[in-house]
Every structure is written in structure tokens, then in C-alpha cells.
Amino acid sequence: MKQVAEKVGYCESKLYAMIREGHFPPGKKMATGGVRWLDSEVDDWIMRAYAQAPEARLRLA
């Protein structure tokens, strides 16, 4: 979670809240313990969040 939080620029508690609310991918529980996120899922979320930001829409227009 720490690496994911650093990658997206949010604190861990914010990400956990977003997961509970269905606004961030929940990650996959591993048989060996812990939870992991696929880079592709996190990257997709970042691109969607960026595309939805008002300043990004101005640059994409």
C-alpha cells in the first residue's frame, strides 16, 4: 500500500477510504498474505483521474 500511495500521491488512509467507497481498485489478496495491486490497474486509475481533472480537460482540448 505504501508504494501505491506514493505512486498516486495520496496517503494510505485516503486510499483505504477510496477503496471502501468504490473509487479505487481494491487490490488482490495473495495466498501468501498481504494485498497487491497490478501496476496496470493503478496506471489506468491515474489516467482516468487525470482525464477528469478540470485543468487536464483544458490541456486535452
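Nothing here was measured: the structure is a model prediction, and the numbers come from that model. (Residues numbered from 1 in each chain as written. Predicted model: local features only at pLDDT ≥ 70, side-chain atom pairs only at ≥ 80, totals over all residues. Heavy atoms only, no water.)

**Quick look at the pattern of salt bridges**
So, point 1. Applying the stated criterion to the full structure yields three salt bridges.
So, point 2. A salt bridge links Lys7 to Asp39, with the shortest nitrogen-to-oxygen separation between them at 3.7 Å. Separated by 32 residues along the polypeptide, Lys7 in helix 1 (residues 2-8) and Asp39 in helix 3 (residues 39-52) bring together distant segments of the chain.
So, point 3. Accessibility expressed as a relative area gives 39% for Lys7, which makes it partly exposed.
So, point 4. With a relative accessible area of 53%, Asp39 lands in the exposed category.
So, point 5. The salt bridge involving Glu41 is made with Lys28; its shortest N-O contact spans 3.5 Å. Placement of the pair is Glu41 in helix 3 and Lys28 in strand 1 (residues 28-29), with a sequence separation of 13 residues.
So, point 6. Salt bridges here are not isolated pairs; linked through shared partners, they connect Lys7, Asp39 and Asp43. (Salt bridge = Lys/Arg side-chain N within 4 Å of Asp/Glu carboxyl O. Helix = DSSP H or I, 4+ residues; strand = E, 2+ residues; numbered from the N terminus. Buried < 20%, exposed > 50% of the residue type's maximum accessible area, 1.4 Å probe, protein only.)

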